[in-house]
Amino acid sequence: MGFGFDPAALAGRFDLVFDTPGLLPFAAARMLLKPRGTIIDIVPTPAKMIRSALPGPFRAMMGRPATWRR
């Protein structure tokens, strides 16, 4: 897979997978999760938006970056 680890070796171990670069395939991220776990992916793509519109466990949430004021 090119990720430096084998997701199958860690299958079902995590409540949360936080994919900050957005490079982990959805199937690999799902494999890592415990039942009812959550995947957070901060890189939006058209495919991810379409997947979130279909029935199933995948949901997309959008926001905008917070601005810091002094």
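You'll find the structure just up there.
Here is a short report on the structure shown in this document. (Residues numbered from 1 in each chain as written. Predicted model: local features only at pLDDT ≥ 70, side-chain atom pairs only at ≥ 80, totals over all residues. Heavy atoms only, no water.)

## Focus on the overall build of the protein
From N to C terminus, the protein includes 2 helices and 2 strands. Along the protein, helices and strands appear, N-terminal first, in the series β-α-β-α. The 70 residues of the protein split such that 16% are buried. For the protein, contacts bridging at least 24 residues in sequence account for 17% of all contacts bridging at least 6. Per element, the accessible surface of the protein, about 6000 Å² overall, is 61% carbon and sulfur. (Helix = DSSP H or I, 4+ residues; strand = E, 2+ residues; numbered from the N terminus. Buried < 20%, exposed > 50% of the residue type's maximum accessible area, 1.4 Å probe, protein only. Contact = heavy atoms within 4.5 Å. Areas by Shrake-Rupley, 256 points an atom, 1.4 Å probe, with all protein chains shown as cover.)

## Quick notes on the nonpolar core
In terms of nonpolar packing, the biggest core is built from 6 residues, these being Val17, Leu24, Ala28, Ala29, Leu32 and Leu33. For this core, the leading source of residues is helix α1 (residues 26-32), giving 3 residues. Those residues in contact with Ala29 that sit more than four places away from it in its chain are Val17, Leu24 and Ile39. (Core = buried A, V, L, I, M, F, W, Y, C linked by side-chain atoms within 4.5 Å.)

## Side note on a nonpolar patch on the surface
On the surface, a cluster of nonpolar side chains totalling about 380 Å² of accessible area is made up of Leu16, Phe18, Ile40 and Ile42. By the element assignment, Ile40 lies in strand β2 (residues 33-41). (Patch = residues over 30% accessible without salt bridge, like charges linked within 9 Å, V, L, I, M, F, W, Y side chains within 5 Å. Salt bridge = Lys/Arg side-chain N within 4 Å of Asp/Glu carboxyl O.)

## Examining unusual backbone geometry
Even without glycine at this site, Arg36 takes up a positive phi of about 65 degrees. Of note, Arg36 is situated in strand β2.

## Examining the pairing of strand β1 (residues 14-19)
Where β1 and β2 come together, 5 bridges link them in parallel fashion. Looking across to β2, one finds that Asp19 is bridged to Asp41. (Pairing = 2+ DSSP bridges.)

## Points about the environment of Leu10
Within the secondary structure layout, Leu10 lies in the segment before β1. Expressed as a C-alpha distance, the spacing of Leu10 and Leu33, which sit 23 residues apart in the sequence, is 8.8 Å. Residue contacts for Leu10: discarding those within four places in its chain leaves Phe5 and Leu32.

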